[in-house]
Amino acid sequence: MQTNVSSPSLKNPLVAGSLFLALVSLPVIATAFGLEYYIGFAMRMLIVMLIASSLNFLMGCGGLVALGHASFVGMGAYALVALMEAGVESTWLLWLGAMAVAALAALAVGALSLRTSGVYFIMITLAFAQMLYYLAVSLRVYGGDDGYNLTVSPSLGFGLDIDDDRILYWVVLLTCTVVFAFLYQLVGTRFGQAMIGIRDNEGRMRALGYPSYLLKLQAFVLTAAIAGLGGAMMVTQNGFISPSSMHWSQSAILIVMVVLGGLGHRWGGVAGAAVWVSLEEVLRQLTEFWHWPLGALLIAIILYAPDGLSPLFSRATTGCKTNRFLRWRSA
Amino acid sequence: MDAIFLIEQLLNGVGYGLMLFMLAAGLTLVFGVMDTMNLAHGTLFMLGAYFAATIHVLTDSFALAIVLAVILTMIVGALLEVLLMRRLYQRNHLNQVVATFGVILLADDFVKWAWGAAPVMASAPEALSGPLELGGGLLYPAYRLLIVGAGVLAAVALYLIVNRTRVGMLVRAGASNRHMAEMMGVRVRTVFTLIFVIGAALAGVAGSLMGPITSVQVGMGESILIPALVVIVIGGIGSVRGSLIAALLVGVVDTAGRAFISPILREISSPTFAADVAPALSSVAMYVLMALILIFKPAGLFPARG
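Predicted, not measured: the structure shown is a model, and the values here were computed from it.

Cut-offs used in this document
- Residues numbered from 1 in each chain as written.
- Chains lettered and ligands numbered in written order.
- Predicted model: local features only at pLDDT ≥ 70, side-chain atom pairs only at ≥ 80, totals over all residues.
- Heavy atoms only, no water.
- Helix = DSSP H or I, 4+ residues; strand = E, 2+ residues; numbered from the N terminus.
- Buried < 20%, exposed > 50% of the residue type's maximum accessible area, 1.4 Å probe, protein only.
- Contact = heavy atoms within 4.5 Å.
- Salt bridge = Lys/Arg side-chain N within 4 Å of Asp/Glu carboxyl O.
- Polar contact = N/O pair within 3.5 Å; in protein donor to acceptor, adjacent residues only side chain to side chain.
- Nonpolar A, V, L, I, M, F, W, Y, C, P; charged D, E, K, R; others polar.
- UniProt positions renumbered as here; feature names shortened; annotations may be inferred.
- Phe/Tyr/Trp six-rings, centres within 6.5 Å; stacked < 30°, edge-to-face > 60°.
- Lys NZ or Arg CZ within 6 Å of the ring centre and 35° of its normal.
- Axes fitted to C-alpha atoms, helices over the stretch in contact; angles between N-to-C directions.
- Parallel < 35°, antiparallel > 145°, perpendicular 65-115°, else oblique.
- pLDDT = per-residue confidence, 0-100.

Here we come to the overall build of chain A. Looking only at helices and strands, chain A features 13 helices and two strands. Expressed as lengths along the three principal axes of its C-alpha atoms, the size of chain A is roughly 60 × 45 × 45 Å. Every one of the 331 residues in chain A was classed for burial, and the buried ones make up 53%. Considering only intrachain contacts with a sequence separation of at least 6, the fraction spanning at least 24 residues in chain A is 77%.

Right, dumping it as structure tokens:
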């Protein structure tokens, strides 16, 4: 096996450690230099990374291309709004509630959608996403088309002030780190490896006695719950949610991020979200016509680097590009 | 609710359905023959509408506008095929979806740059702007009848091309077994370009005709793309016949949803509830239809490949 010393791999504890340290100290540094704006920006990026990573697990490991992931983000956000109206104040309870609601919605959608496969699966998930989108549009109690503004902030407890962007940033960073670690570990578990097996050859896995439908449903519900958490964090940060964040094009952009970053690569969702969100931010400030460079980038990536940006970060065999069992056999 | 209203709505539904069919036919041919997903198909529709609106203003001739718009759309389609789509045929669907999504972003910005962000006015020709008496006191806008007629014509022409001509034979050969067709000496690459351009032409016709009854604006391609995708999925991807039937089904269901859900809800529930829920229900009618069909027939109504 060849080792590549020169490339900065995230497997290197020194690199990973200093990266994490940089992320933790970002609010302090930003405040010192009067760049508070970037705390909010980094927080938004972390949340998008989280959502993209959940989709990366579903698409990369499970082979399930779902064109409706943004609707679960929105379900989480609206669940938080509804729970706050009902009197729940604790951020933690609200976030858990949002995850539960998104998971329940995904259970219903997934149970029906997973009867189909391939392009038909893409389309039926889109159909349900459109239904949820129009449901949000018709919810006049929560603002309908215009969206909904949170009037009060949820509370964090432990004497923490959620309206301080730095505090919220650390809470989001901590939560995201935990979920990233969870997704990172999940690939190596029996469940993760079974998902990869189903992606590569569902018939074989069924013959081996794996309940493929149930496993896919679990993956669908799990990733939707993480998306719901992302949505709840988003509305906690912005204090605002509107149905437009559930539009199908938002789901398409999430897919684009994952492919851009490297489908099935461990850091695929993270890298894709980082590049897409930063480019969007920079281009939007530079020019009125900020879509076309993104479009050109996508076409270039597909034509010249179909694995996405992941090979830049580490060798392609990490994550769920391949099945561990298969790697043992071929080694 | 009288018979005249019902017939009017039925005609609206059929007209919309036939428009969707013109888009869906291109999509389903490209998918069926080349196994390629092309999200940028709606972009060709949008370009057709912009071309026709602009040429109509410049030349003051509606017929000329349609013809030139379709030819221009075909040229754009050919360029798209030669420069990009050709390199995507061997890739997986996800790659195709992402690359053609990139085309959407490029094209939308181009249109915004060339025509501005505000919607462009497209008008129907004056001769067709009035209503036409269809007998029995039924007045129906003449322009919408033209759309129905054009849709029927396109469906018949496509049927004849696919089933009665040499090109159609090659298309069917390529669709059922591409490898075998290549072995038999079919220049598959040329056939692919041809199919793509036929699809672009149909999208151009649909776009240039739809311009005057919807607003010509950036993003109109994406908002019609989704119903067109719904149509090809319901019909069974790759089946032209399936997409015709599905397009009529979707057109009628969508129109009926918009026309009847609101009055029915107002009859059976409170007005505020009806006002809240009816628009959402009418918007999702076609998605409910698709979800129901896919749950019972996971490969659509007429699967092209058994």
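All names here are of chain B. The phi angle at Asp35 is positive, at roughly 55°, despite the residue not being glycine. Along the chain, the position of Asp35 falls in the loop between α1 (3-34) and α2 (41-59). Overall, the relative accessible area of 31% leaves Asp35 in the partly exposed class.

It is worth spelling out the interface of chain A and chain B at this point. On the side of chain B, 40 residues touch chain A, which itself brings 40 residues to the contact. Applying the counting rule to chain A against chain B returns zero salt bridges. The tally of links between chain A and chain B comes to nine residue pairs in polar contact (both at pLDDT 80 or more). Those elements that provide at least two residues to the side of chain A that touches chain B are α5 (119-138), α10 (248-261) and α12 (291-304) of chain A. For the side of chain A that touches chain B, the leading source of residues is α5(A), giving 11 residues. Tallied by class, residues from the side of chain A that touches chain B come to 31 nonpolar, six polar and three charged.

Residues and elements named next belong to chain A. In the numbering used here, UniProt assigns the "transmembrane region" (unreviewed entry) feature to residues 14-35, 47-72, 92-112, 119-136, 167-187, 208-232, 252-277 and 289-306. Across residues 47-72, helical content stands at 73% and strand content at 0%; the span's end C-alpha atoms are separated by 14 Å. What you have in residues 92-112 is 100% helix and 0% strand, and the ends, taken at the C-alpha atoms, are 31 Å apart.

Attention now moves to the side chain of Thr223(A). Its place among the elements puts Thr223(A) in helix α9 (residues 212-238). Thr223(A) has contacts with Ser54(A), Phe57(A), Leu58(A) and His69(A), leaving out every residue within four places of it along the chain.

On to the UniProt feature "transmembrane region" (unreviewed entry) in chain B. All names here are of chain B. UniProt marks residues 14-32, 39-58, 64-85, 97-122, 142-162, 188-210 and 277-296 with the feature "transmembrane region" (unreviewed entry), using the numbering shown here. As annotated, residues 97-122 comprises 73% helix and 0% strand, and the C-alpha atoms at either end are separated by 31 Å. As annotated, residues 142-162 has a helix share of 100% and a strand share of 0%, and its two end C-alpha atoms lie 30 Å apart.

All names here are of chain A. The full count for this structure, using the stated rule, is seven salt bridges over all chains. A salt bridge links Lys216 to Glu202; its shortest N-O distance comes to 3.2 Å. With Lys216 in helix α9 and Glu202 in helix α8 (residues 202-207), this pair connects stretches of sequence that are 14 residues apart. Given the relative accessible area of 23%, Glu202 is considered partly exposed.

Inspection of the entire model under this criterion finds 15 aromatic pairs over all chains. Aromatic side chains Tyr50(B) and Trp115(B) sit 4.7 Å apart centroid to centroid with 40° between the ring planes, which places their arrangement in the tilted category. Of this pair, Tyr50(B) sits in helix α2 while Trp115(B) is found in helix α4 (residues 93-115), placing the two residues 65 residues apart along the sequence. Residue Trp115(B) is classed as partly exposed on the basis of its relative accessible area, which comes to 25%. Taken together, the ring pairs connect Tyr37(A), Tyr38(A) and Phe41(A) into an aromatic cluster. Above the ring of Tyr184(A), the side-chain terminus of Arg266(A) is found at 4.1 Å from the ring centroid. A cation over a ring is seen here: Arg284(A) above Trp290(A), with NZ or CZ 4.5 Å from the ring centre.

What follows is about the packing of helix α2 (residues 37-61) of chain A against helix α7 (residues 190-200) of chain A. All names here are of chain A. α7 packs onto α2 with a crossing angle of 50° between their chain directions and a minimal axis gap of 8 Å. It follows that α2 is oblique to α7 by the angle criterion. Mapping the contact onto sequence places Phe57, Gly60 and Cys61 in α2 and Phe191, Met195, Ile196 and Arg199 in α7. Among the residues forming the contact of α2 with α7, the class breakdown is five nonpolar, one polar and one charged.

On to the environment of Leu160(A), then. Residues and elements named next belong to chain A. By secondary structure assignment, the location of Leu160 is in the loop between β1 (148-149) and α6 (165-186). The class for Leu160 is partly exposed, based on a relative accessible area of 36%. A C-alpha to C-alpha distance of 22 Å links Leu160 and Glu85, two positions 75 residues apart in sequence.

Moving on: the confidence of the model for chain A. Residues and elements named next belong to chain A. A residue-level look at chain A finds 90% of positions with pLDDT of 70 or above and a mean pLDDT of 85. Within chain A, the lowest mean pLDDT, 47, falls on helix α13 (residues 324-330), and the highest, 95, falls on α9. Predicted confidence is poor over residues 1-8, with pLDDT under 50, and the contacts of this stretch with residues over four places away or in other chains come to two contacts. Considering only residues more than four positions removed or in separate chains, one finds that residues 326-331, a stretch of pLDDT under 50, has three contacts.

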